[in-house]
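Geometric and topological summary
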Amino acid sequence: MLIQPTTPTPRPRLGHVETIVVDTRKIACDGGLGALGHPRVFLKIGGHQTVCPYCSRLFVLQPGASDAHGH
């Protein structure tokens, strides 16, 4: 006989990383949650991607993006 638990077992999505495709090498990240985010940090993509040290968002440079945008 199979006994069903009365409360479901939580199954977190471990390893989930938010990936954001950008078209410039210089980006800013604030966690995206308004007041619940983190201090704004400015990041530079050296190769084709970088990770925010606060929230672990992955920023990927769009293929064919220009090296110089804005500043």
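Here, the structure is the one placed above.
In this report, we go over the structure that sits alongside the text. Quick caveat: nothing in here was measured; it's all calculated off a predicted structure.

Time to look at the pairing of strand β2 (residues 26-29). If a strand is regular, its side chains alternate between the two faces of the sheet. Residues of β2 alternate between two faces, with Ile 27 and Cys 29 buried on one and Lys 26 and Ala 28 left unburied on the opposite face. Bridging between β2 and strand β3 (residues 41-44) involves 4 bridges; their strand directions are antiparallel. Paired with Cys 29 across the two strands is Val 41, which belongs to β3.

As summarised here, the arrangement of the 3 strands in space is β1-β5-β4, forming an open sheet in which the pairing is mixed. Strand pairing shows two members of the sheet lacking a second neighbour, β1 (19-22) and β4 (49-51), which therefore form its edges. The mean inter-strand angle of the sheet, taken between neighbouring strand axes irrespective of direction, is 20 degrees. Inspection of the sheet shows β4 paired to strand β5 (residues 58-61) by 3 bridges, in the antiparallel sense. The residue bridging Val 51 from the neighbouring strand is Leu 58, located in β5.

On to the state of the cysteines, then. In the structure shown here, the tally under the stated rule is 0 disulfides. Between Cys 29, a free cysteine, and Cys 55, which holds the nearest cysteine sulfur, the sulfur-to-sulfur gap is 3.7 Å. No disulfide involves Cys 52; its sulfur sits 3.7 Å from that of Cys 55, the nearest cysteine. Since its relative accessible area comes to 2%, Cys 52 is described here as buried.

Cut-off values and rules
- Residues numbered from 1 in each chain as written.
- Predicted model: local features only at pLDDT ≥ 70, side-chain atom pairs only at ≥ 80, totals over all residues.
- Heavy atoms only, no water.
- Buried < 20%, exposed > 50% of the residue type's maximum accessible area, 1.4 Å probe, protein only.
- Helix = DSSP H or I, 4+ residues; strand = E, 2+ residues; numbered from the N terminus.
- Pairing = 2+ DSSP bridges.
- Axes fitted to C-alpha atoms, helices over the stretch in contact; angles between N-to-C directions.
- Disulfide = S-S within 2.5 Å.

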